[in-house]
Amino acid sequence: RPDASTAMLRSAARAAKPGAAVSRALATNATRISATRSPAAATRTFVPRRNKQWQSIRAMSTQMDIGTENFKVVMHPNNVAVVTLDIQGSPVNVIGETLTSELPPIVAKLEANPDVKAIVFISGKKSGFIAGADIAAFGPVAAEGKQAVKGIASGLQAFLTQMEAGKPKIAAISGSALGGGAEFALACHFRIATSPASIGFPEVQLGLLPGGGGTNRLPNLVGVQNALPMLLQGGNKKASAAKKMGLIDHVCEEGQLDVCAITMAGMIANGELKIPKRGEFKGMYKYIEKAIADYDIARNYVFGQAKTQVMKASGGNYPAPLQILETLKKNIKTKSLGKPQGYDLEADVFADLALTPESEGLQAVFFGSTALKKNPFKGAKKVERVGVLGAGLMGAGIAEVSINKGLVAVLKDLNPKGLAVGETNIINSMTKKVKKKKMTAHKKEEVLARLVGVTDEDPFWQAHFGKVDLVIEAVFENLDLKHRIVKQMEEVCKPDCIIATNTSGIPVRKIAEFAQRPENIVGMHYFSPVTAMPLVEIIPHAGTSEEVTATAVAVALKQGKFPVVVKDVAGFFVNRCLGPYIDESMVLAFEMEDYLQMDSAMKKFGFPVGPITLADEVGVEVAFHLHANLQEELGVRVGGANVAAMNALLAAGIKGKRFGAGMASYPGKPKGGIAGMFAAKEKIKMNPVCVEAMKPFMKPGKVTDEEIKDRISARFINEAIYCLQDGVVRNATDGDMACIFGVGFPPFTGGPFRYLDRVGAAKYCDALKKLEDKYGPRFTPAPLLVDMARNNTKFYNK
């Protein structure tokens, strides 16, 4: 490999073949590196200098007239043609009509040109190499049927196969190469990436498999053991990790990509650098790969284990990972990887998956989340410094996501002890990222430098808060306390400073009622844990200015969140939908012999956790308090549960998992050593204390999983319709995304409104009426749904 040693670079330069001037420059540079770095560092990478020799070479390069506005071609004197990918009118390069129609003729002309010895593909965009396929183009094609979809995949496969068969091609990757972009890179003979770059196959997150040859080329290149996690999980690999597995051949520093790519392409063209062979594995990895390829018992074991993990994670609700396993397994068994029949099977399965309702739902999530990244409000002011009041889990989490994205965060707590807890949580979180190689130690220190910790005991805290542009309070849910905070912040902060409340239940209008500048008060409801949950509800009250709302949305976007603007009502949107969900769960809990059956049933429906685990995680008292807060506004819609029975659980000390007494009893830490290896795995069980407290109120009977799913999901979905009807959420897309990102509504459905469109308003309305007849008015269909059933309309036009 090109970076195997500095000695190899010097040897290549000494060959001094015609056109090897750049190689000699690299050798000189390698000497400089070997003198300033450890031997290990010198073998990892080289950094060509932009010296006068290089500038001279650049000056002698000429633009070729075979390019287009989107794909410019430059010929360098070392017989290397550079194709710059820069699709006009698009923030990213995508594989779509423009690329598939314009690039193949350019490549064909370069193949036919005897002066061209190697071809480099590099992006002209800051956003990265190629972001993947143009998902927006799938809809019209899918409407034409399976063969039309398969034709797209087969066409891309044919082009990439031609690429693979011709002259040496080098993919110079900056930013990200995802999906079709990664498949494009795999069809090249050599891959160079900048150190921050990443490569991955996220198709499974859209309910698809890689259809441009990815399930064939990836395992051939890195082995089945490395390919399966990438294909099944859809995550990205950073350049350094991708290099270790052989997915990337060389890593260079930012700003040096073109130098590295053109220089190394010249070395390949002149025979000074050999292209690595695909599938050359070493050690035990080699023998395991051979066993997977040649023996049914090994192959069945590996794919069986992978399927078990997929079923455990997805509950079988997602067809794509299962189809990826079956496709890859079949191609390995028939020795078809990288052959026409292997590509044909991949294209066929791709087309099948593209037409599934699960893929349609996941693509809707993609488009919906993309829409949330745009601020629909005008007049957002620039925010550089935020103040966060309260260093508990929420406050520390808000501060962390702020400093991670370049904001200065002033974190304040009552005393040094409380502040230390929050600061320690942030430091520990970043230390874990460093250990997992998601962050460098230098980056960690750079980010932490943006955190300023102060307490009420510090005489200078007012000076710090006098400079902030926005304050987010994350203190206890107490209206008097929040009134005092608003008064204090209005005295200390700038007149135009925005004061945001992270309340989860108190109406924002009540928090703002005594404010001197109520137009600057807004709700920003984060979900716990803040660092993991992507949703933020933005809650303007009637007097909030549009500029303040726009700024709150902009800050949430800056923090890497998905902001959804909702109405200032009890529970806002997500918790308002959760209220009836909790209500029905507490009805069912007293009708069942084992209330943990609800968890398994709702996980089968597609929720990440069931209602019992959810209540234990957020806190049983918090969940019941939310239920009580909604009773005044929602009435019968949260009137099914026995409040006396719920209070009996609280009186028995059932508060939640972190208090050590939830509705369930959870296994302790597994034993270490040999004893732990042979110990029986503990399971989650009903808490005996909770069971005893429930006995006076029990009406046990036999309840099926289907009934559980129907009743609990219906309460959630029907309330979501009420919210859309009453303007609590602005539109169906916002509602779907909030439910998915806020509480984990099954993503493969596309959200409750997409789910209803698939089922049909009339059919779902009839189902609710049957539940209403059996269980009472808490299942009465929302008037909006009744109207839609009568008029046969949908939430989405498409």
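Per the secondary structure count, the protein chain includes 36 helices and 20 strands. Against the globule reference of 28 Å for 798 residues, the protein chain gives a C-alpha radius of gyration of 30 Å, in line with a compact fold. Taken over the C-alpha atoms alone, the protein chain extends approximately 90 × 65 × 65 Å along its principal axes. Taken across its 798 residues, the protein chain has 52% of its residues classed as buried.

Take a positive patch on the surface next. A cluster of like positive charges, contributed by K432, K435, K436 and K438, occupies part of the molecular surface. Topologically, K432 is positioned in helix α19 (residues 416-435). With a relative accessible area of 55%, K432 lands in the exposed category.

Further remarks concern the pairing of strand β18 (residues 562-565). Residues F562 and V564 of β18 are buried on one face, and the alternating residues P563 and V565, pointing to the opposite face, are buried as well. Strand direction decides the pairing type here: strand β17 (residues 535-540) and β18, joined by four bridges, are parallel. Bridging from a neighbouring strand, L535 pairs with F562 of β18. In the classification by handedness, the crossover that spans β17, the intervening helix α24 (residues 546-558) and the parallel β18 is right-handed.

Here strand β3 (residues 80-85) lies mainly inside the structure; five of its six residues are buried. Judged from the six bridges that link them, strand β2 (residues 71-76) and β3 form a sheet pairing that is antiparallel. Along β3, the bridge assignment pairs K72 with T84. Strand direction decides the pairing type here: β3 and strand β4 (residues 118-123), joined by six bridges, are parallel. Residue pairing across strands places L85 opposite S123, the latter belonging to β4. Handedness of the crossover joining β3 and β4 through helix α5 (residues 97-112) is recorded here as right-handed.

Here we come to the sheet that holds β2. The strand order β1-β2-β3-β4-β5-β7-β10 describes an open sheet built from seven strands, whose pairing is mixed. A single partner strand is all that each edge strand has here, and the edge strands are β1 (62-64) and β10 (250-252). Mean inter-strand twist for the sheet, computed between neighbouring axes without regard to direction, equals 25°. The strands that α5 touches are β1, β2, β3, β4 and β5 (169-173); relative to β2, the one it contacts most, it runs at about 20°.

One pass over the full model with this rule turns up four cavities of 30 Å³ or more. In this structure, the second largest cavity encloses a volume near 70 Å³. Counting only elements with at least two residues in the lining of the second largest cavity, the list comes to α25 (574-589), α27 (611-618) and α28 (620-634). Residues that form the lining of the second largest cavity fall into these classes: eight nonpolar, one polar and no charged.

Right, let's get into unusual backbone geometry. The omega torsion of the bond from S528 to P529 falls at -5°, within 30 degrees of zero and hence cis. We note that N79 has phi near 70°; this positive angle belongs to a residue other than glycine. In this structure, N79 sits in the loop between β2 and β3. Backbone geometry places N792, a non-glycine residue, at a positive phi of 55°.

With respect to the secondary-structure elements, F138 resides in helix α6 (residues 138-142). The class of F138 is buried, set by a relative accessible area of 14%. For the pair F138 and G279, spaced 141 residues apart in sequence, the C-alpha to C-alpha distance is 33 Å. For F138, the contacting residues outside a window of four places in its chain are A133, L208, F350 and Q363.

One open sheet holds the three strands; their spatial order is β6-β8-β9, and the pairing between them is mixed. This sheet does not close on itself; its edge strands, each paired only once, are β6 (176-178) and β9 (236-238). Here the strands of the sheet are splayed against their neighbours by 15° on average, with no regard to which way each runs. Bridging between strand β8 (residues 198-200) and β9 involves three bridges; their strand directions are antiparallel. What sits directly across from S198, in β9, is K238.

Right, let's talk about the nonpolar core for a bit. F465 and F573 are the most contacted members of the largest nonpolar core, which totals 106 residues. When residues in this core are grouped by element, the largest group, 10 residues, is from helix α32 (residues 705-725). Once residues lying within four places of it in the same chain are set aside, the contact partners of F573 are E537, V566, A720, C723, V728, V729, G735, A738 and C739. Formed by 78 residues, the second largest nonpolar core is a distinct cluster that contains F71, V149, V204 and L328.

A residue-level look at the protein chain finds 91% of positions with pLDDT of 70 or above and a mean pLDDT of 90. Low pLDDT (under 50) marks residues 1-47, which in the prediction has 84 contacts with non-local residues, meaning those over four places away or in another chain.

Before going further, it helps to examine a nonpolar patch on the surface. On the surface, a cluster of nonpolar side chains totalling about 340 Å² of accessible area is made up of M284, Y287 and I288. Note that Y287 resides in helix α13 (residues 283-294). In this structure Y287 comes out as exposed when scored by relative accessible area, which is 56%.

Per the stated rule, a full pass over the model turns up 20 aromatic pairs. Ring geometry for Y755 against Y764: centres 6.3 Å apart, planes inclined by 85°, an arrangement best described as edge-to-face. For the pair Y755 and Y764, one class covers both residues: buried. One aromatic cluster is present, built from ring pairs that chain together Y581, F605, F607, F716, F745, Y755 and Y764. In this structure, K412 is placed above the aromatic ring of W461, and the distance from its NZ or CZ to the ring centre is 4.7 Å.

Turning next to the pattern of salt bridges. Pairing between side chains of opposite charge can happen when the charged atoms of each approach one another. On inspection of all chains with the given rule, the structure shows 37 salt bridges. In this structure, E446 engages K443 in a salt bridge whose closest nitrogen and oxygen atoms are separated by 3.3 Å. You can see E446 and its partner K443 sitting in helix α20 (residues 441-448), three residues apart, about one turn around the helix. We classify E446 as partly exposed; its relative accessible area is 34%. A salt bridge links R730 to D734, with the nearest nitrogen and oxygen atoms 3.3 Å apart. On the accessibility criterion, R730 (45% relative accessible area) is partly exposed. Sharing partners across several salt bridges, the network here consists of D583, E584, E591, E707, R711, R715 and R778.

The angle between the axes and the distance between the axes are what describe a pair of packed helices. Running from N to C, helix α17 (residues 357-372) and helix α33 (residues 732-743) point in directions that differ by 105°, and their axes come no closer than 10 Å. Put simply, α17 runs roughly perpendicular to α33. Of the residues in α33, those touching α17 at A364, V365, G368, S369 and L372 are T733, D734, M737, I740 and F741. Partitioned by chemical class, the residues of the contact of α17 with α33 number six nonpolar, three polar and one charged.

Along its 15 residues, α28 runs 20 Å from first to last C-alpha, staying within 8% of the 21 Å computed at 1.5 Å per residue. Within the sequence span of α28, burial applies to V620, A623, F624, L626, H627, L630 and L634. Down the axis of α28, the buried set is contained in an arc of 150°. They therefore lie on one face. On the buried face of α28, the contacting elements are α25, α27, α29 (643-651) and α32. Looking one or two residues beyond α28, the residue adopting positive phi is G635, at roughly 55°.

Definitions and limits used
Residues numbered from 1 in each chain as written. Predicted model: local features only at pLDDT ≥ 70, side-chain atom pairs only at ≥ 80, totals over all residues. Heavy atoms only, no water. Helix = DSSP H or I, 4+ residues; strand = E, 2+ residues; numbered from the N terminus. Rg over C-alpha atoms; globule rule 2.2 N^0.38 Å. Buried < 20%, exposed > 50% of the residue type's maximum accessible area, 1.4 Å probe, protein only. Patch = residues over 30% accessible without salt bridge, like charges linked within 9 Å, V, L, I, M, F, W, Y side chains within 5 Å. Areas by Shrake-Rupley, 256 points an atom, 1.4 Å probe, with all protein chains shown as cover. Salt bridge = Lys/Arg side-chain N within 4 Å of Asp/Glu carboxyl O. Lys, Arg positive; Asp, Glu negative; His and termini not counted. Charge placed at Lys NZ, Arg CZ, Asp CG, Glu CD. Pairing = 2+ DSSP bridges. Right-handed = clockwise from strand over helix to strand, strands pointing away. Axes fitted to C-alpha atoms, helices over the stretch in contact; angles between N-to-C directions. Contact = heavy atoms within 4.5 Å. 1 Å grid on protein atoms, 1.4 Å probe; cavity = no way out; pocket = protein on both sides within 12 Å on 5 of 7 lines; lining within 4 Å. Points joined across faces, edges and corners; volume = space filled by probe spheres on them. Nonpolar A, V, L, I, M, F, W, Y, C, P; charged D, E, K, R; others polar. Core = buried A, V, L, I, M, F, W, Y, C linked by side-chain atoms within 4.5 Å. pLDDT = per-residue confidence, 0-100. Phe/Tyr/Trp six-rings, centres within 6.5 Å; stacked < 30°, edge-to-face > 60°. Lys NZ or Arg CZ within 6 Å of the ring centre and 35° of its normal. Parallel < 35°, antiparallel > 145°, perpendicular 65-115°, else oblique. Expected span 1.5 Å × (residues − 1). Arc of directions from axis to C-beta.

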